[in-house]
Amino acid sequence: PDVDDHGTSVPDYAYVFPFGMRLNKVDADDNTILLPGAKFVLYHFHGTEKHYVGKVGAEGEILSWTPYLNEAALNAAVEAEEDAEKKAAITAQGYAHEFITDADGNFTVDGLDEGTIYYLSETAAPAGYNKMFTDIKFSIQPTYGTNSNGVPIVESITYLVDGNSTTITSGEDFAAGRIVVTALNDKGNTLPSTGGIGTTIFYILG
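A. Region of interest: the pairing of strand E8 (residues 136–146). Relative to E8, strand E7 (residues 118–124) runs antiparallel, the two being bridged by three bridges. Bridge pairing in E8 places Tyr119 opposite Lys137. The pairing of E8 with strand E9 (residues 152–161) spans nine bridges and is classified as antiparallel. Each residue of the ladder has a partner; that of Gln141, found in E9, is Thr158. Linking E8 back to E9 in an antiparallel pair, the connection comprises five residues, with Gly150 at a positive phi of about 80°.

Printed below as a string of structure tokens:
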């Protein structure tokens, strides 16, 4: 700046590494049986409030997060707000997106952050199976390095699923920045719900 010559500034780059997750839904007794049609919502806690994945793109990338689990909750929030701009902002968030496993028992979601604790909650089980009783808890922690040109890269991805740690360093999922979470479904009958037809049958038999 103190001379009359001209020069070129050294470029400064910001490297952003997005991560994702692929759910693998299988039979609890035979993990070669892939289960299509299972439905899940994905959420994390914002303080004490659950924030769900709201709108997603064509490839499963996250476009918004929302505190509203369903359309009824979203509509109630919109109706309770009087300001038009705030109403529009609430509507733009949408409500929780349901991810559905495909014919291979899979779905993918991209746009997850490292270090954040996420939860998968099954909202509907595949036909003939029981819904999972507990949510799946997972988090992602990558390890970074540089290549021969000094460019930052992801060397490995370690992830925790319900307290169990796995590290990946290669493969198609690793190249896409995705971890793999396996979810199991059991067949068979569940205990009758309170006040349901199941309890009536027990009363009659008694």
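Additional details are given in the paragraphs that follow.
B. Broad picture of the pairing of strand E3 (residues 49–53). As paired elements, strand E2 (residues 39–46) and E3 share four bridges and run antiparallel to each other. In the strand pairing of E3, His44 is matched with His51. From the end of E2 to the start of E3, which pair antiparallel, there are two residues, and Gly47 there has a positive phi angle of about 75°. Of the strand pairs in this sheet, E3 and strand E4 (residues 65–66) are connected by two bridges, and their pairing is antiparallel. Counterpart to Val53 in the pairing with E4 is Trp65.

The rules behind the values
- Residues numbered from 1 in each chain as written.
- Predicted model: local features only at pLDDT ≥ 70, side-chain atom pairs only at ≥ 80, totals over all residues.
- Heavy atoms only, no water.
- Pairing = 2+ DSSP bridges.
- Helix = DSSP H or I, 4+ residues; strand = E, 2+ residues; numbered from the N terminus.

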